[in-house]
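One-letter residues, chain by chain:
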Amino acid sequence: MKLHRNMGLYDQIFRTIMGLALIYLGPVSDVLTSDTLSESLLAGVGIMIIISSLIGWCPLYHIAGFNSHRRKQS
Amino acid sequence: MLFVNKIPYKIRLISFYIITTLIGISLTLIAIYNASEEQLALDQIDNLHEIYSDHIKQLEITGIKNSPIKSLKQLSTKLHSPVYPVIPYSPSEKIMYQDATCSISLAPELLNANQLNPRGGVIGLSNCRSTWVLLDTRFGKDSLLVLHRFDTDSSNAIVSAYTQRLLVPMVFFIWITVWSSLILGNLVNRLQKQKDEVEHFALHDSLTGLPNRKYFLDAITELTNYSNRQHSPFILAMIDLNKFKAVNDSLGHQYGDLLLQQVAQRLRATMRDYDIIARLGGDEFVLLLPGTDIDASMVMLKRIYETITEPYLLDNKDAYIGASIGVSLYPDHDKTYTELVHKADIAMYQAKQSGGGIKTYTSAETA
């Protein structure tokens, strides 16, 4: 399946920062919580967000019909 | 309700999802909170029971040998503490317990009704929430009752455990719910769009975009019913293009199609918003002019006739056609739409035989 890019640059930057923040708040530090389930959830979502921002394609955007990627006018 | 209808569908769907999710989460949290409190109370009851049973055994062994009632009083005095008041208890008596902030009448029924396990329970009165434990002694049926004011710090501990363990899963759940509603909203939109497209294709002609025969039949049925009720006239006009076949044969079918598209455009531009135009097939069109009598319709039909018989430019090629228009009037010519169509057809063929133009239906008797 060909993945059509559906994420803009600002979205990717924002997601990367969010992903790193979630990983930091989850397993790395105990600032927010020290509960294992909560930490795993934060890490899981953080990793998903970072991966999606790296490939520029978000599966949730895809199913929900969103697109933050502006195609260049040719 | 009107206000709700003004909110976009997607926002309504998301709000509905979030509200139901929050209600679900709140109910679950209340249930978890109550269960946690009960668990705390059970732990407290078991602890109290264990500690006091040991003390009782020791005191009994070290020699309380009076009568059962005296022995119980001695035991309760020795075990009594301000935090854990110990009271001699008899199932046949009602005991009043009172301290600075709280006064409880400890009837056996009250204890039974608030029992959590065989060892004790929690009495939850307005400002006086206490765990109680019944302790058996070897002095007959009477026993000792230990009360303990329920620790409010324990409740705070539950809330703190919530924020530690439940906050992130809750936010995660709400996040998933918002996405689910967005996805569902998108699916509903796509389905709606497909449904609209299918409906449009079912009721419209794909070449000209005009309503088709099915649409026309629905519309004329509705219009006939409406006009019956309102006693309002309407005009039905059948249009057949003259020399269309010649254009098709001489220039080709693609030019014929272009011509039909241009005729449809001209018809649309000439007619009022509430008039209905449909393509019945080939070069046959039909018009419904609601609320119009024969005189008013003639002005319109002449304009339509002039417009569609003007020369056409089809991809740099000129085309000339004529038109035959047959007219029937509701209710003068008939009250059923099948007959109206039939009579307009007859008038149209009469017009065609006379080389084109507009003909109103006239019956054989009046002709």
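Residues numbered from 1 in each chain as written. Chains lettered and ligands numbered in written order. Predicted model: local features only at pLDDT ≥ 70, side-chain atom pairs only at ≥ 80, totals over all residues. Heavy atoms only, no water.

**Q** Could you give an account of the overall build of chain B, with specific residues and numbers?
**A** When helices and strands are counted, chain B shows 11 helices and 14 strands. Taken over 367 residues, chain B has a buried fraction of 41%. Taking as baseline every contact in chain B between residues at least 6 positions apart, the subset at least 24 positions apart corresponds to 64%. Of the roughly 20800 Å² of accessible surface on chain B, 57% is carried by carbon and sulfur atoms. (Helix = DSSP H or I, 4+ residues; strand = E, 2+ residues; numbered from the N terminus. Buried < 20%, exposed > 50% of the residue type's maximum accessible area, 1.4 Å probe, protein only. Contact = heavy atoms within 4.5 Å. Areas by Shrake-Rupley, 256 points an atom, 1.4 Å probe, with all protein chains shown as cover.)

**Q** Lay out the pairing of strand β9 (residues 276-281) of chain B in plain terms, naming residues and giving numbers.
**A** If a strand is regular, its side chains alternate between the two faces of the sheet. Residue and element names in this part refer to chain B. Counting buried positions over the six residues of β9 gives five, a clear majority of the element. Two strands pair when backbone bridges link them, and β9 and strand β10 (residues 284-290) are joined in this way by five bridges, in the antiparallel orientation. For A278, the partnering residue across the bridge sits in β10 and is V286. As consecutive antiparallel partners, β9 and β10 are separated by two residues, and within that stretch G282 has a phi angle of approximately 55°, a positive value. (Pairing = 2+ DSSP bridges.)

**Q** Explain the pattern of salt bridges residue by residue, including any values.
**A** As enumerated under the stated definition, the model contains 11 salt bridges over all chains in all. Note that A:D11 is salt-bridged to A:R15, the shortest N-O span being 3.2 Å. Here A:D11 and its partner A:R15 are both found in helix α1 (residues 9-28), four residues apart, which amounts to about one turn of the helix. There is no split in this pair, since A:D11 and A:R15 are both buried. Its salt-bridge partner being A:D35, residue B:R165 comes within 2.6 Å of it at the nearest N-O pair. With one member in each of two chains, B:R165 in helix α5 (residues 152-165) and A:D35 in the loop between α1 and α2 (36-55) form a pair that bridges those chains. Three or more residues are tied together by salt bridges with common partners; here these are B:D334, B:E339 and B:K343. (Salt bridge = Lys/Arg side-chain N within 4 Å of Asp/Glu carboxyl O.)

**Q** Go over the packing of aromatic side chains, please, and point to the residues and values.
**A** Each aromatic ring pair is summarised here by two numbers: the centre-to-centre distance and the angle between the ring planes. Residue and element names in this part refer to chain B. Following the criterion strictly, the structure yields eight aromatic pairs over all chains and no others. An angle of 75° between the planes, with centres 6.4 Å apart, marks the rings of F16 and Y17 as edge-to-face. The class for Y17 is partly exposed, based on a relative accessible area of 23%. Between F172 and W175, the aromatic rings sit 6.0 Å apart at their centres with planes inclined by 40°, giving tilted as the arrangement. Separated by three residues within a single helix, F172 and W175 lie in helix α6 (residues 167-203), roughly one turn from each other. Residue F172 is classed as partly exposed on the basis of its relative accessible area, which comes to 27%. Seen from the ring of Y312, R266 lies directly overhead, with NZ or CZ sitting 3.6 Å from the centre. (Phe/Tyr/Trp six-rings, centres within 6.5 Å; stacked < 30°, edge-to-face > 60°. Lys NZ or Arg CZ within 6 Å of the ring centre and 35° of its normal.)

**Q** If you had to explain the interface of chain A and chain B to someone new, which residues and values would you point to?
**A** Listed by partner, the interface residues are 15 residues for chain A and 12 residues for chain B. Each partner contributes to the roughly 1300 Å² buried at the junction of chain A and chain B, and carbon and sulfur atoms together form 71% of this total. Inspection of the chain A/chain B interface yields one salt bridge. Seen at the junction of chain A and chain B, the total is six residue pairs in polar contact (both at pLDDT 80 or more). Of all elements in the fold, only α2 and α3 (59-64) of chain A reach the threshold of two or more residues within the side of chain A that touches chain B. (Buried area = accessible area lost by both parts, 1.4 Å probe. Polar contact = N/O pair within 3.5 Å; in protein donor to acceptor, adjacent residues only side chain to side chain.)

**Q** Let's hear about the sheet that holds strand β14 (residues 357-360) of chain B: which residues, and what values?
**A** Residues and elements named next belong to chain B. In space, the five strands of this open sheet follow the order β9-β10-β8-β13-β14, with mixed pairing throughout. Both outer strands of the open sheet, β9 and β14, are each paired with one neighbouring strand and no more. Shown here is a sheet whose adjacent strand axes are inclined to one another by a mean of 20°, direction ignored. Contacting β8 (234-242), β10, β13 (322-330) and β14, helix α10 (residues 294-308) runs over the sheet at an angle of about 160° to β13. (Axes fitted to C-alpha atoms, helices over the stretch in contact; angles between N-to-C directions.)

**Q** Go over the layout of surface pockets with me, naming the residues and quoting the values.
**A** The space that makes up the largest pocket amounts to roughly 510 Å³. Forming the walls of the largest pocket are 25 residues, and the residues nearest its centre are A:M18, A:L22, A:V45, A:I49 and B:W175. Among the elements that line the lining of the largest pocket, the one with the most residues is α2(A), at eight residues. Counted by class, the lining of the largest pocket contains 22 nonpolar, one polar and two charged residues. (1 Å grid on protein atoms, 1.4 Å probe; cavity = no way out; pocket = protein on both sides within 12 Å on 5 of 7 lines; lining within 4 Å. Points joined across faces, edges and corners; volume = space filled by probe spheres on them. Nonpolar A, V, L, I, M, F, W, Y, C, P; charged D, E, K, R; others polar.)

**Q** Which residues make up the nonpolar core, and what are the values?
**A** Residues and elements named next belong to chain B. Counting residues in hydrophobic clusters, the biggest one holds 31 residues, and the most contacted among them are I239, L241, V263, L267, L287, L301 and I308. Listing elements by their share of this core, those giving two or more residues are β8, α8 (244-251), α9 (253-270), β10, α10, β11 (312-314) and β13. Setting aside anything within four residues of it in sequence, one finds V263 in contact with L241, F285, I308, Y312 and I321. L223, F234, M238 and M348 belong to the second-largest nonpolar core, a separate cluster that totals 17 residues. (Core = buried A, V, L, I, M, F, W, Y, C linked by side-chain atoms within 4.5 Å.)

**Q** Talk me through the side chain of B:H49; I want residue IDs and the actual numbers.
**A** Residues and elements named next belong to chain B. Assignment of secondary structure puts H49 in helix α2 (residues 9-61). Classification of H49 by relative accessible area gives buried; the value is 17%. Here H49 is in contact with R119, V133, L134 and L135, once residues within four sequence places are set aside.

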